[in-house]
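Understanding the architecture of this molecule
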Amino acid sequence: MQDPINSLIVFAAMCLSATIGFLIHARLPETHRSPQSMALVQLAVTLLVTFTAIVLGLLTTSVKAGFDAAYSARGEDAAQLAQLDRCLRDYGPETAHIREQLRGYVAAVIASTWPDEPRPIGIVYPDSSKMPLTGESPALSEILSDVGVEVRSLNPADAVHERLLADCDEQYRDLMKARWKVVEGARASISPPFYWVLVLWLAILFGAFGLTAQPNPMIVTVMALCALSVTIAVFVILDLDEPYGGLFGVPSTAMRNALADMMRAGG
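These numbers were taken from a predicted model, which means no experiment stands behind them. (Residues numbered from 1 in each chain as written. Predicted model: local features only at pLDDT ≥ 70, side-chain atom pairs only at ≥ 80, totals over all residues. Heavy atoms only, no water.)

This part takes up the pattern of salt bridges. For the structure shown, the criterion picks out 10 salt bridges. Put simply, arginine 86 and aspartate 261 hold a salt bridge, and the shortest N to O gap is 2.7 Å. Of this pair, arginine 86 sits in helix H2 (residues 35-91) while aspartate 261 sits in helix H8 (residues 253-264), and the two are 175 residues apart along the sequence. Judged by its relative accessible area of 34%, arginine 86 is partly exposed. Glutamate 117 serves as the salt-bridge partner of arginine 256, at 3.3 Å between the closest nitrogen and oxygen. With arginine 256 in helix H8 and glutamate 117 in the loop between helix H3 (96-113) and helix H4 (138-152), the pair connects residues that are 139 residues apart, well separated along the chain. Residues joined in a network through salt bridges with shared partners are Arg86, Asp261 and Arg264. (Salt bridge = Lys/Arg side-chain N within 4 Å of Asp/Glu carboxyl O. Helix = DSSP H or I, 4+ residues; strand = E, 2+ residues; numbered from the N terminus. Buried < 20%, exposed > 50% of the residue type's maximum accessible area, 1.4 Å probe, protein only.)

Now the structure itself:
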């Protein structure tokens, strides 16, 4: 989950910048407060507000699209796992060990990706404490690799089993594609340098706000509420940029449903 301190830094930077703007405004000579000067300041503020709104809008659209893609990829991955399990079940009892490995893989994914949720029970799976929350896990990759080898090592006894084996092999290849979509889709798209540039930009904007008026309780309240609103927007953007682990993270429902389907299908 993204660090709330990052959002607090945004709020503090905007409030501090606005305060500095108020202090500078109070000490400006009267000649610097001419209508022409204030009109130019208002024009500059309008320009900054427009650019900031565009940037925040584009960021929101981008991270929301990335979050939706990660959500969809996880659902596709869960569906492929369930379909491969059903194909192996249809093949026959000789795939029981492969299906057991597949269930262990799904349970390990759930335990490692959503560590704060209840762990799967009644299934043997590898220790997930050292597995990464997102990205490539060597242990999980090894399990799927073993599954692929064992699927291709099956010896079909007749034409029906040959077709089933071909279907299972195709399901396995689709599963690997879906898995890599999940791995790649879990990466954050907002780089730290860009984030700090955005913070600087917002600080400059609120500093310009402070230069335009003498502070009073009404103006200070409105400025604080504006800073809070922008902080919440930045928090949501940063949270959506982390598909797993945030307040709006991708849920484990799809994977748990796939595991439940595997368990219902029997060993």
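From this point on, the discussion continues.
Leu81, Leu84, Leu102, Tyr105, Val106, Val234 and Met255 are the most contacted members of the largest nonpolar core, which has 61 residues in total. When contributions to this core are tallied by element, the ones reaching two or more residues are helix H1 (4-27), H2, H3, H4, helix H5 (159-185), helix H6 (192-211), helix H7 (217-240) and H8. Per-element accounting of this core gives the leading share, 14 residues, to H2. Discounting residues that sit within four places of it in the chain, tyrosine 105 has contacts with Leu81, Leu140, Ile143, Leu144 and Arg179. (Core = buried A, V, L, I, M, F, W, Y, C linked by side-chain atoms within 4.5 Å. Contact = heavy atoms within 4.5 Å.)

This next bit is on the state of the cysteines. Counted according to the given criterion, the structure contains one disulfide. The disulfide bridge from cysteine 87 ends at cysteine 168, spanning 2.3 Å between sulfur atoms. Negative torsions about the S-S bond denote left-handed disulfides, and the value of about -105 degrees found for cysteine 87 with cysteine 168 makes this one left-handed. You can see cysteine 87 sitting in helix H2 and its partner cysteine 168 sitting in helix H5, a full 81 residues away along the chain. You'll find cysteine 87 and cysteine 168 in the same group, each marked buried. For cysteine 226, which is in no disulfide, the shortest distance to another cysteine sulfur is to cysteine 15 and amounts to 10 Å. (Disulfide = S-S within 2.5 Å.)

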